[in-house]
Structure formats: structure tokens, C-alpha cells
Amino acid sequence: MRNAVEALDDEDAETLYKSIEWFSVTETAVKSYLDEYKEKGILNSDSMVITHSIGTKIIPKYLVKNNLNIDTFVSVAGFVDYSGTRTDYIVDVMKITKVSDEEFDKCKELIKNRYSIYSDNDSNSPLEKCVKYADKLDAEKVLVKGAGHFTQEDNVTEIKELNGIIKDYINK
């Protein structure tokens, strides 16, 4: 790894270090919140966890690392093998957060109900990458046409399909 980093030009090396620094801070913050929720009994086998984009990678890794069962997991714009057009930190972070097949398999044991919500026109998470993610997680697939990456930039302010999953969860 050291040789690979040393071979980078100054600009690429700086981008890599900023990417790793950003992710380390983000991962530490997310882990800190999740640890606190777990310790308080908020994150447990009755919990529902909803994630978006990169969170669809961080949360499964956390659950596996902590051997933590939850009731329901919803990924929104979850994907494998990033192939978007961004060239900033996200590419490096994707390498760091890759969920292995073993981790996906363990998630099937740890998570009772699994849903994957994705769009047919997401420039960050192409349809085939989202379907592959859902298949690896053995999640119920929910296609929302024309929702992009489910952001305000995509004019998405509500995901009715997600609301339905939440209502079902609350009513059981």
C-alpha cells in the first residue's frame, strides 16, 4: 500500500488522504452514534434501520462486526461496485466500505426483514448495481421510477414506498 501511495502524484495523494480522513471521521461518528444507540437499547432486535447510498454499506458492516440483530433494514439507493461519474472521495470510500459476500450472507441471518428501494435513473447508483445489491442481501426489491438518487436535487421530497414499509413496521 505504501508503494502505491508513494507512486501517486501530489494532487492524487492529497485527494486520497482527504478521502480517507473524511471517511475515518464519518465512520467514527456513525459508529459512535450506533454504539450509543446499542448501549441505550435503542438499536436492537426490534429496530428498523433506514439507510441511503453509502450508508447502505456502513450499516451492514457494523451489524456484522457487532453480531447485532435488527428487525428491519431498508436500503435506499444501495449499490455494489460504484460506477458513477464522481471522482472525489467517494471512489476511495467505496473501496474501503465494500461489503463482502460473507458479510452479505451474515446480514441475511442478522436482519429479519430486508428491503431495497432504488430508481431506474440514478446516476450514482445504476439500476443493475442496485439490483445486484438487493440480490446479495436477499432483499425485497422496490423500484421507484424516475426518482434519481432520491435527493432534493432529484425533486424527491417523499418516498411513498418507504412510508408504506414504515407503516407496516409500526403496525405489526
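Treat the numbers as computed from the prediction; the structure is a model and nothing was measured.

Asks: Please set out the pairing of strand 1 (residues 48-52) residue by residue, giving values where relevant.
Replies: Across 5 bridges, strand 1 lies against strand 2 (residues 70-76) in parallel orientation. In the strand pairing of strand 2, valine 49 is matched with phenylalanine 73.

Asks: I'd love a proper account of the nonpolar core, names of residues and values included.
Replies: Leu43, Leu63, Ile70, Phe73, Ile111 and Leu137 are the most contacted members of the largest nonpolar core, which totals 18 residues. At the level of secondary structure, the elements contributing two or more residues to this core comprise helix 3 (55-65), strand 2, helix 5 (101-110) and helix 6 (127-137). When sequence neighbours within four positions are dropped, the list of residues in contact with leucine 63 reads Leu68, Ile70, Leu110 and Ile111. Formed by 14 residues, the second largest nonpolar core is a distinct cluster that contains Phe150, Ile159, Leu162 and Ile165.

Asks: Describe in detail the packing of helix 3 against helix 5, supporting the description with residues and values.
Replies: Relative to each other, helix 3 and helix 5 sit at 75°, their axes nearing to 9 Å. In terms of orientation, helix 3 and helix 5 fall into the roughly perpendicular class. Residue-level contacts link Pro60, Lys61, Leu63 and Val64 of helix 3 to Glu103, Lys106, Cys107 and Leu110 of helix 5. Here the residues of the contact of helix 3 with helix 5 sort into 5 nonpolar, no polar and 3 charged.

What counts, and at which threshold
Residues numbered from 1 in each chain as written. Predicted model: local features only at pLDDT ≥ 70, side-chain atom pairs only at ≥ 80, totals over all residues. Heavy atoms only, no water. Pairing = 2+ DSSP bridges. Helix = DSSP H or I, 4+ residues; strand = E, 2+ residues; numbered from the N terminus. Core = buried A, V, L, I, M, F, W, Y, C linked by side-chain atoms within 4.5 Å. Buried < 20%, exposed > 50% of the residue type's maximum accessible area, 1.4 Å probe, protein only. Contact = heavy atoms within 4.5 Å. Axes fitted to C-alpha atoms, helices over the stretch in contact; angles between N-to-C directions. Parallel < 35°, antiparallel > 145°, perpendicular 65-115°, else oblique. Nonpolar A, V, L, I, M, F, W, Y, C, P; charged D, E, K, R; others polar.

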